[in-house]
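Topology and contacts: notes
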Amino acid sequence: MELVVLLLSLLGLLAIGVPVAFALLIASMVVFALLGLNPLVAVQRLSAGIDVFTLMAVPFFVFAGDLMTQTGIATRLIRVAEGLFGRVRGGLGHVNVGASMMFGAVSGSAIASVSAIGSTMIPIMEEKGYDRSFSVNVTSAAAILGLIIPPSHNMIIYAAASGISISIGDLFVAGILPGLLCGLALMITVSIIAAKKGYPKGVFPGFRALLYSAIAALPGLMTAVIIVVGILGGVFTPTESSAIAIIYTLIIGLLVYRTLGIRQFRAAVVSSAKTTSMIMLIIGAAAAFGWLLALLEAPRMMSDFILGLTDSPFMILALILLCLLLLGTFMDMAPLIIIVTPIFLPVVQSIGVDPVHFGIIMMLALGIGTITPPVGTVLFVASAVGKMRVEDTVKTMWPFYLALLICLLIVTYVPQISLLLVGS
C-alpha cells in the first residue's frame, strides 16, 4: 500500500504543477509518515544523495558549459558547420544539427546547446525563408545530442546511481558513435523536409574561409578532446577533468578569444549557480525517493514483474524502453536516472546487457523525453527562444521524433555501436 501511495502522491503532485524536486520530497514525506519513520531520515537521505564525490563534476561541467556560451564558442562552431553543411538544400538545418553536435561535445548540456545555438540559428533560419516551427524542431532535436556525445554530466549521474563500478571514461567513449548516428539521422530528416518544402541552398564560402573558421573554432573544440583523452589516458579523474575544463575555458575566453569580460563571467556564474542548485536539489530529492523505493522493494518487484511477463531479452528491452520513454514525458532527466537506474540495471544485467551499453540507452531514451511534453525542458526552452507555443512546436515535430526513435532501437539492439570504441 505504501508503494502505491508513494507513486500516486508523486503523480498527483506533478499533475497539479508542483516542481519535480518538491513533488519527490513531499511524496517521500507522506510515506515516511505512513511507515512511522522520523521525517529527518528524508533530509539525511537527501544530503547523502548529493554527498557523492563523483557528483562534484556536475557543477564544474555546468559552469564550463555556461562559460563556453558566454565566450562565443557557439558562434564559431556555427561558422564551421555552415562551411561544411551549408551548401546543400536546407543547409541551415544541417548547420543547426552540426553546430549542436559540436557544441554538445564541448558543453555536455542540452539546455546550454538549445540556448546558445537556438538564439543564433532560429532567427537566421527564419530570415532565410525557413518556417519558424521547422527551425525550432531542428534546434530541439539536435540539442539532445549533447546528452550522448561526450562529455555529458548525466553520464556521471548514471555512474553514481548504478551502485557498481562503471568507468565514466568508457561511458564517454561509448556515446561517440550513437551521437554521430543520431546526428546523421537528423540530417537525413532535414534533407527530406527541405526537399519537400523547397528550402533554399546555402553558398559554400570557399576552402580558405572554411579553414579560417575551423582554426578559430579549434581552441573551443579542444575542450572535449582534452577531457576524453585525459580521462582515458589516466592523466586525471572525471572530477578533475571538469575543473580543468573550467580553467581551459577561462584561458580561451580571456587570452585567445578575448570575449570573456566581467559581465559575461558574472552571467556564467549566476546561470551555473541556478542550474547547479536545481540539479542538486532534484538529485537529493530523487535519492530520498529512491531510498524509499528500495525500502519498499520496488526494484525487486519490478524485476520480477518484467521477467515474469517474458524471458525474451528482446521483449524485456522493449518493455524497459517503453517505460523509459513514458517516464521521460513527465519527469526531468536527472531524478529519473537516480530512480530508475537501480531498478532496471539489475534486470538488463541478468539478460547480459553491458552496463555501459545500458547507460547509452538511458541517455538517448530519457533525452527524447526532454523534448516530449508535458515536461520537456529542452522543448520548452527551444519554444521560448523561438517565440512559439509548445503546442505549435509539437504539431510538426513528429519526423524528428521518428528519426530519434529509430536510432534508439538501433542503439538498443545493436550494442556494438556503443561498445565498439570502448577499450580500444
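An unreviewed UniProt entry lists the chain under the name TRAP transporter large permease protein, with Parvularcula marina given as the organism. Under the UniProt heading Function (unreviewed entry), the note attached to the chain is "Part of the tripartite ATP-independent periplasmic (TRAP) transport system." Here the chain is described in UniProt, under the heading Sequence similarities (unreviewed entry), as follows: "Belongs to the TRAP transporter large permease family."

**Here we look at the layout of surface pockets**
In this structure, the largest pocket spans a volume of roughly 570 Å³. Lining the largest pocket we find 29 residues, and of these Ser109, Ile111, Thr275, Met278 and Ile279 sit closest to its centre. The set of elements that each furnish at least two residues to the lining of the largest pocket consists of helix 4 (57-70), helix 7 (110-127), helix 9 (153-162), helix 14 (262-295), helix 17 (333-350) and helix 19 (377-385). In terms of residue class, the lining of the largest pocket is built from 16 nonpolar, eleven polar and two charged.

**Comments concerning helix 19**
Among all positions of helix 19, only Val378, Leu379, Ala382 and Ser383 are buried. Taken around the axis of helix 19, the buried residues stretch over an arc of 130°, which confines them to a single face. Those residues of helix 19 that are buried lie in contact with helix 7, helix 8 (132-143), helix 20 (390-395) and helix 21 (398-413). Lys387 lies just past helix 19 and shows a positive phi near 55°.

**A short note on the state of the cysteines**
This structure, assessed with the given rule, holds zero disulfides. Unpaired in this structure, Cys407 has its nearest cysteine sulfur neighbour in Cys182, at a distance of 4.1 Å. For Cys407, a relative accessible area of 2% translates into the label buried.

**Considering the pattern of salt bridges**
In total, this model carries five salt bridges according to the counting rule given. Put simply, Lys197 and Asp131 hold a salt bridge, and the shortest N to O gap is 3.2 Å. Taken together, the residues Lys197 in helix 11 (residues 176-197) and Asp131 in the loop between helix 7 and helix 8 connect sequence positions 66 residues apart. With a shortest N-O distance of 3.5 Å, Arg389 and Glu391 are connected by a salt bridge. Looking at Glu391, the relative accessible area reads 45%, which means it is partly exposed.

So, how was this worked out
- Residues numbered from 1 in each chain as written.
- Predicted model: local features only at pLDDT ≥ 70, side-chain atom pairs only at ≥ 80, totals over all residues.
- Heavy atoms only, no water.
- UniProt positions renumbered as here; feature names shortened; annotations may be inferred.
- 1 Å grid on protein atoms, 1.4 Å probe; cavity = no way out; pocket = protein on both sides within 12 Å on 5 of 7 lines; lining within 4 Å.
- Points joined across faces, edges and corners; volume = space filled by probe spheres on them.
- Helix = DSSP H or I, 4+ residues; strand = E, 2+ residues; numbered from the N terminus.
- Nonpolar A, V, L, I, M, F, W, Y, C, P; charged D, E, K, R; others polar.
- Buried < 20%, exposed > 50% of the residue type's maximum accessible area, 1.4 Å probe, protein only.
- Arc of directions from axis to C-beta.
- Contact = heavy atoms within 4.5 Å.
- Disulfide = S-S within 2.5 Å.
- Salt bridge = Lys/Arg side-chain N within 4 Å of Asp/Glu carboxyl O.

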